[in-house]
Every structure is written in C-alpha cells, then in structure tokens.
Amino acid sequence: MAETHVLFVEDDDVIREATQLALERDGFLVTAAPDGLTGLEQFRAHRPDIALLDVMVPGLDGVSLCRRIRDESTVPVIMLSARADAIDVVLGLEAGADDYVTKPFDGAVLVARIRAVLRRFGHASGPGGRGAADDPEEPDCGVLRFGDLEVDPEGMEVRKGGEQVALTPTEMRLLLEFSSAPGTVLSRDKLLERVWEYGWGGDTRVVDVHVQRLRGKIGQDRIETVRGFGYKLKG
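Quantities reported herein were computed from a predicted structural model and do not represent experimental measurements.

A.B. asks: Teacher, can you tell me more about the overall build of the protein here?
C.D. replies: Assigned secondary structure in the protein consists of 8 helices and 11 strands. Looking at the protein alone, contacts between residues at least 24 apart form 59% of all its contacts between residues at least 6 apart. Total accessible area computed for the protein in this model is approximately 10,800 Å², and 49% of it derives from carbon and sulfur atoms.

Below you can see the structure in the form of structure tokens.
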C-alpha cells in the first residue's frame with residue numbers, strides 16, 4: 001500500500017522539522033515547505049494526498065494558498081493556526097479548508113485529524129459510501145430529488161437544475177447526511193460526529209461555514225436553519 005503523501009507548509013523551522021519527523025514515524029511521506037509560494041510549487045509538482053497549511057507563512061499566506069489549491073483540486077486541506085480567533089478559523093474554512101487544528105498541537109491529535117479527513121475524502125470520492133433512503137419517485141435508480149436538486153449517493157454526483165454541481169468530499173458527506181433524512185433537524189454536534197468524526201466536542205464553526213458553502217452551491221433556501229437546534233434539508 002502506497003504511503004500517504006502530506007504537503008506540510010510551516011515557516012517555523014523547529015515546528016516544521018519536528019512535525020515532519022513525527023508524521024514520518026507514523027508512516028506518512030512528507031514534503032515540507034517554509035513558505036506559501038514554495039508550498040504551491042511543491043503541491044503542483046507532487047500532487048499530495050493532503051495538505052497541512054499554517055495560516056501565517058511568508059510569501060503567500062496559508063489562506064491564499066488554500067484558495068489556490070482549491071482552484072485546482074479537491075485534495076483535503078487542514079489549516080494550522082497559532083490562534084483560535086474566529087477570523088482565522090472562518091477565513092481558512094471559507095477558503096476551502098476541510099478542518100483546522102490550533103497550535104500548539106499534540107502529534108497524536110494531528111495524526112488522528114489527518115486520518116479522519118482522509119477517511120472522509122475516500123468515502124466521498126466514489127461509490128460504496130454511506131447509504132441513503134430510496135427515492136420515493138424512482139425507487140430503482142437510488143437518485144434522491146428535492147425540487148430541482150438531485151443527489152446520487154451511489155455515483156456521488158449532485159445536479160441542480162440538470163447541471164452538475166462540484167462539491168468537495170466534505171461538502172458531499174455533509175449533503176449525504178442531510179439527504180438521508182430530509183426534514184429532520186440535525187444538530188451541529190451530530191454533524192461534527194458523523195461528517196468530521198469528532199468523538200468529542202468540536203468547534204461548531206466548522207459546521208456553520210461548510211453549511212454556508214454548501215448553500216452557495218445547491219441553493220440558499222435548500223438547507224434551513226432551525227435556531228437553537230441545527231439544520232435540516234427541505235424535502
């Protein structure tokens with residue numbers, strides 16, 4: 001089985017070298033870069049399986065680098081930040097990141113988050129993922145329809161008004177959760193557990209930003225906010 005290739009962009013030499021060694025001990029192949037421009041070059045040269053990007057790196061900051069990567073690929077991205085400020089978290093997630101980790105971080109926690117994101121990526125990149133209820137209109141085809149929105153859980157495809165919608169793996173997993181129970185309110189904690197595989201309380205801003213990104217692609221009114229409880233997909 002091939003090693004998982006990680007692109008790690010971090011300007012602090014000590015953190016970069018220590019984290020690279022820790023990841024390599026866990027069986028990852030790591031390409032490290034000290035700045036954003038070098039990180040972009042390495043991404044294009046090696047096409048890694050996942051990218052770990054520090055927010056505050058010189059040349060091209062982590063948020064901008066995330067946007068550049070997302071323009072070219074759906075490869076999973078985890079942002080690393082020395083601050084847990086809302087602006088850092090939201091900007092990174094809005095740029096297309098799948099998750100974030102606050103520094104200083106425990107190596108075991110980082111590895112767990114990497115593996116969780118990779119499982120999510122594999123799960124939403126092709127057939128064989130989480131099942132969903134049969135479409136009441138066409139039970140044999142398995143395509144779910146909500147107005148002009150079509151969700152194909154087997155083919156991992158989404159169409160709106162007949163046009164295909166490009167979703168990241170995390171957005172796809174989120175939509176699958178909603179479409180498997182239309183009209184049912186799903187709490188942020190439940191979505192964190194099912195989509196992000198958090199076995200503990202996580203930052204619900206991750207959910208909120210991804211819901212906003214998903215709304216922008218499938219329709220602002222398709223996912224309803226139920227204040228104090230969570231979100232639901234309109235049937």
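A.B. asks: Help me understand the packing of helix α2 (residues 36-46) against helix α3 (residues 62-72) in this model?
C.D. replies: Helix-helix packing is described using two parameters, namely the angle between the two axes and the distance between the axes. Axis separation between α2 and α3 bottoms out at 10 Å; the angle between their running directions is 20°. Judged by the angle between their axes, α2 and α3 are roughly parallel. The handedness of the crossing between α2 and α3 comes out as right-handed. Here Gly36, Gly39, Leu40, Phe43 and Arg44 of α2 come into contact with α3, specifically with Leu65, Arg68, Ile69 and Glu72.

A.B. asks: Please clarify how unusual backbone geometry should be interpreted in this entry.
C.D. replies: When glycine is set aside, most residues are seen to have a negative phi, and most peptide bonds are trans. A cis amide bond, omega -5°, links lysine 103 with the succeeding residue proline 104. Checked against the element boundaries, proline 104 lands in the loop between β5 (99-102) and α5 (107-123). One non-glycine residue, arginine 47, lies in positive phi territory at about 45°. Phi at methionine 156 takes a positive value of approximately 55°, unusual for a residue other than glycine. Following the sequence through the fold, methionine 156 ends up in the loop between β7 (149-152) and β8 (157-160).

A.B. asks: Looking at this structure, I do not really get the sheet that holds strand β3 (residues 50-54). What am I missing?
C.D. replies: Strand pairing within a sheet occurs via backbone hydrogen bonds; the two strands may be parallel or antiparallel. Pairing is parallel in the open sheet, where 5 strands are placed in the order β2-β1-β3-β4-β5. Of all the strands in the sheet, the pair left with one neighbour each is β2 (29-33) and β5. Recorded for the sheet is a direction-independent mean angle of 20° between the axes of neighbouring strands. Judged from the 4 bridges that link them, strand β1 (residues 5-9) and β3 form a sheet pairing that is parallel. Bridged to valine 9 within β3 is leucine 53.

A.B. asks: I tried to follow the packing of helix α6 (residues 169-179) against helix α7 (residues 188-195) on my own but got confused; where do I start?
C.D. replies: Two numbers describe how α6 lies on α7: the axes approach to 10 Å, and their chain directions differ by 125°. By the angle between their axes, α6 is oblique relative to α7. The handedness of the crossing between α6 and α7 comes out as right-handed. Of the residues in α7, those touching α6 at Thr170, Arg173, Leu174, Glu177 and Phe178 are Leu191, Arg194 and Val195.

Analysis parameters
- Residues numbered from 1 in each chain as written.
- Predicted model: local features only at pLDDT ≥ 70, side-chain atom pairs only at ≥ 80, totals over all residues.
- Heavy atoms only, no water.
- Helix = DSSP H or I, 4+ residues; strand = E, 2+ residues; numbered from the N terminus.
- Contact = heavy atoms within 4.5 Å.
- Areas by Shrake-Rupley, 256 points an atom, 1.4 Å probe, with all protein chains shown as cover.
- Axes fitted to C-alpha atoms, helices over the stretch in contact; angles between N-to-C directions.
- Parallel < 35°, antiparallel > 145°, perpendicular 65-115°, else oblique.
- Left-handed = near helix turned anticlockwise from the far one by under 90°.
- Pairing = 2+ DSSP bridges.

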